Amino acid sequence: MESKYNYFKRDISWLSFNYRVLLEALDERLPLYERINFISIYSSNLEEFYKIRVADHKAVASGATESDEETVQSARELVEEINKEVTRQLDDRVRIYEQKILPALRKNHIIFYQDNHVEPFHQQFIKDFFREEIFPYLQPVPVSKDKIVSFLRDNRLYLAIRVYPKKEEKNKGEETKENIEKYTGECINERNDGEGIKVGMEAARPNVTDLRQPLYFVMKQPYAKVPRFIELPSREKNHYLMFTEDIIKANLNLIFPGYDVDSSYCIKISRDADILIDDTASSADLVAQLKKKVKKRKIGDVCRFVYDRAMPSEFLDFLVDAFRIQRDELVPGDKHLNLEDLRHLPNPNKSLHSLEKPKPMKLTVLDEKESIFNYVAKKDLLLYYPYHSFEHFIHFLYEAVHNPETREIMVTQYRVAENSAVINTLIAAAQNGKKVTVFVELKARFDEENNLATAEMMQAAGIKIIYSIPGLKVHAKVALIRRRALNGEKIPSYAYISTGNFNEKTATLYADCGLFTCRKEIVADLYNLFRTLQGKEDPKFTTLLVARFNLIPELNRLIDREISLADEGKQGRIILKMNALQDPTMIDRLYEASEHGVQIDLIVRGICCLIPGQSYSRNIRVTRIVDSFLEHARIWYFGNDGTPKVFMGSPDWMRRNLYRRIEAITPVLAPDLRDNLIEMLDIQLADNQKACWVDDKLQNIFKKRTPGTPAVRAQYTFYDWLNKTNN
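Residues numbered from 1 in each chain as written. Predicted model: local features only at pLDDT ≥ 70, side-chain atom pairs only at ≥ 80, totals over all residues. Heavy atoms only, no water.

Q: How should I be thinking about the packing of aromatic side chains in this particular structure?
A: What characterises a pair of aromatic rings is the spacing of the ring centres plus the angle enclosed by the ring planes. Counted according to the given criterion, the structure contains 38 aromatic pairs. Among the aromatic residues, those joined into a ring-pair cluster are F373, Y385, F390, F393, F396, Y494, Y496, F502 and F516. Residue placement shows R482 over the ring face of Y527; its charged tip is 4.1 Å from the ring centre. Sitting over the ring of W693, K703 keeps its end group 3.9 Å from the ring centre. (Phe/Tyr/Trp six-rings, centres within 6.5 Å; stacked < 30°, edge-to-face > 60°. Lys NZ or Arg CZ within 6 Å of the ring centre and 35° of its normal.)

Q: Explain the pattern of salt bridges here, please?
A: When the charged atoms of two side chains lie near each other, side chains of opposite charge can form a pair. Counted by the stated rule, this structure contains 45 salt bridges. The partner of D27 in a salt bridge is K690, and the shortest N-O contact between them spans 2.4 Å. Placement of D27 in the loop between helix 1 (10-23) and helix 2 (32-61) and of K690 in the loop between helix 19 (671-686) and strand 29 (691-694) is noted, with a sequence separation of 663 residues between them. For K690, a relative accessible area of 2% puts it in the buried group. In this structure, E47 and K268 form a salt bridge, with 2.6 Å as the shortest nitrogen-oxygen distance. Of this pair, E47 sits in helix 2 while K268 sits in strand 9 (residues 259-271), and the two are 221 residues apart along the sequence. Each member of the pair, E47 together with K268, is buried. In this structure, a network of salt bridges that share partners links the residues R20, E24, D27, R29 and K690. (Salt bridge = Lys/Arg side-chain N within 4 Å of Asp/Glu carboxyl O. Helix = DSSP H or I, 4+ residues; strand = E, 2+ residues; numbered from the N terminus. Buried < 20%, exposed > 50% of the residue type's maximum accessible area, 1.4 Å probe, protein only.)

Q: It is not clear to me how the pairing of strand 11 (residues 330-333) should be interpreted in this structure. Could you clarify?
A: Side chains on a regular strand alternate between the two faces of the sheet. Side-chain alternation along strand 11 places L330 and P332 on one buried face and V331 and G333 on a second face that is also buried. Note that the unit made of strand 10 (residues 302-308), helix 10 (residues 313-322) and strand 11 has a crossover that is right-handed. (Right-handed = clockwise from strand over helix to strand, strands pointing away.)

Q: It is not clear to me how the side chain of N700 should be interpreted in this structure. Could you clarify?
A: Tracing the backbone shows N700 in strand 30 (residues 700-702). Judged by its relative accessible area of 12%, N700 falls in the buried class. A polar contact of 3.2 Å, which involves the side chain of N700, links it to the backbone oxygen of S16. At 2.7 Å, the side chain of N700 and the side chain of R624 are in polar contact. The contacts of N700, once residues within four sequence positions are left out, are S16, Y19, R20, L23, R624, C692, W693 and V694. (Polar contact = N/O pair within 3.5 Å; in protein donor to acceptor, adjacent residues only side chain to side chain. Contact = heavy atoms within 4.5 Å.)

Q: Would you explain the pairing of strand 7 (residues 229-235) in this entry?
A: Alignment of strand 7 against strand 8 (residues 238-243), held across five bridges, turns out to be antiparallel. Paired with I230 across the strands is M242, a residue of strand 8. Where strand 7 folds back on strand 8, the antiparallel hairpin that results is connected by two residues, among which E236 adopts a positive phi of roughly 55°. (Pairing = 2+ DSSP bridges.)

Q: I tried to follow the layout of surface pockets on my own but got confused; where do I start?
A: Estimates place the volume of the second largest pocket at around 520 Å³. Along the walls of the second largest pocket sit 24 residues, with D115, N116, D246, K249 and A250 positioned nearest its centre. Elements with a contribution of two residues or more to the lining of the second largest pocket: helix 4 (120-134), helix 7 (244-250), helix 8 (252-255) and strand 9. Among the residues forming the lining of the second largest pocket, the class breakdown is nine nonpolar, six polar and nine charged. (1 Å grid on protein atoms, 1.4 Å probe; cavity = no way out; pocket = protein on both sides within 12 Å on 5 of 7 lines; lining within 4 Å. Points joined across faces, edges and corners; volume = space filled by probe spheres on them. Nonpolar A, V, L, I, M, F, W, Y, C, P; charged D, E, K, R; others polar.)

By themselves, these observations are geometric and do not establish any function.
Have a look at this one:
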């Protein structure tokens, strides 16, 4: 039965979110390098989007894979719509970068060369730097139609170069051949240069019957050897920066003597980075598959060919034919590609201040001498990262390691930091004679290798490892410390339920929550969840909400309760904070609640397929917040006629989270902690600095501060509130 409601397309909604990230680069209240960093984040996000989402749609569009959610035709239309929107956004990125960022750098005495014009006092430096630091690592590779196709590495920056043999009076044919053999490296006699590029004798030779026919080359930028950005000598009070590729372009005549260099443009390839594995495979087979297939990620099918939009059409046509690029893979880009590298842009002007982000605070009640076990035995504890220090969680594990009454430590692992303090502490626990069980989700995208290596290291230390469940991902972020007194008496065990991963690196960047409790009903449910992950029983959960078990029925019951209250003339109220809202079934329930008069506020950072501003969504408002930290917490509020119910945990309202993953949500039962979470939601809804409304056209409409009201920047306001209540 077709729904009477409408929805935004998931990927078009995501592009709206990423565009909101780009808009931060326009905020002149931010330090300049913070604005530049948002261009980097926008670009990095877009790269991953093409490698995963667009690659999936292209596979369906080509008939290579089948999908229950789209046809070949709808996939083709969606890819076209995506490319059109991305092209529009990239036009804005060029405008922001060239008209806002570069002038702001100049105003701060940082001259960032962007074109062929270089001040005379730098020209010799550039030549010398090129000869000494760059030239030894360059190898131009000939490109020719209908010959061996050069392989372009994923997300590597290349220069595409067009040259013409110079007109000379004598022996032109022989000299042309000699120059090519000399200056294209030892590409001849078909060899592999270590980057997967193969060329042969025929590809290296020009058409000697027409000496003014163009020759084409590609040349990979040597960023493994040379930084992307070069600092040039300062002059007076000005500092100077230059892209490495611009230094190379300025010296192409040294690479191609005997030729007239016509033009050069940057190009890059994005390749399908998804890993197709047999999701029903056993753990052992899954490990073997991942080890084999993760290595093929760099040679996946092309999903995007990005080129300098200034490239002439005949130049582009040649490359399209030579590299066998499909027209729907073409995405026009800037003169300088891979702007995700801007996060590494040097700051030679030390007077430019950086953003003073909130520093993680330690709770005064939990100084290094205070036992977290003793505190949580008396009352629940809720931490807010990155405002609170993640060291409290590390200390919690450390206590478990050295507590003689600890019997077992059980943890889920989705994404962990390299050289993780969490993992090192778990290894110390195993070496200290504790039983340690860790569930490792191998299918965490882009973390497969790290998770596998970490799991093997833990296993070698004596930790019991449980690998991915066939057909499912385990996304729950939970830990359990099981204890028993030395005399056999039962004493409190401890549960920890979080919205974020056990990752000390992301805990300084992502805004998350973590709840410590020794409530028996939550501890028992969490133990049952870990038994389920080991395949030992089909559990019943009394307090925790677990996806694929009791989560959907309880959500429906909570929504029904608010609808009933509204029907009775009372206030029905729902506030949902999450990263993504996509599941049509749950969106329909919200539409239905709105039609009954329930007032609904959604705080959704990323994908939101619910359309506000419709007759059936007139009581729903969608807020998006982008600021210093990545909003990552999932918190749900149901008014319940003045006795609110508040939940926190790992799932978004995506199909995959609700139906194809193991997720865990806990009610926040302590009244003071529940009220604190409500305070946080209220502050976020009051944000008039970094919050946007998402309208019915997916536009980000910035909320405006009402005259006479205080400025509210939610992340900083909440940090100040936490600091004042830190006792």
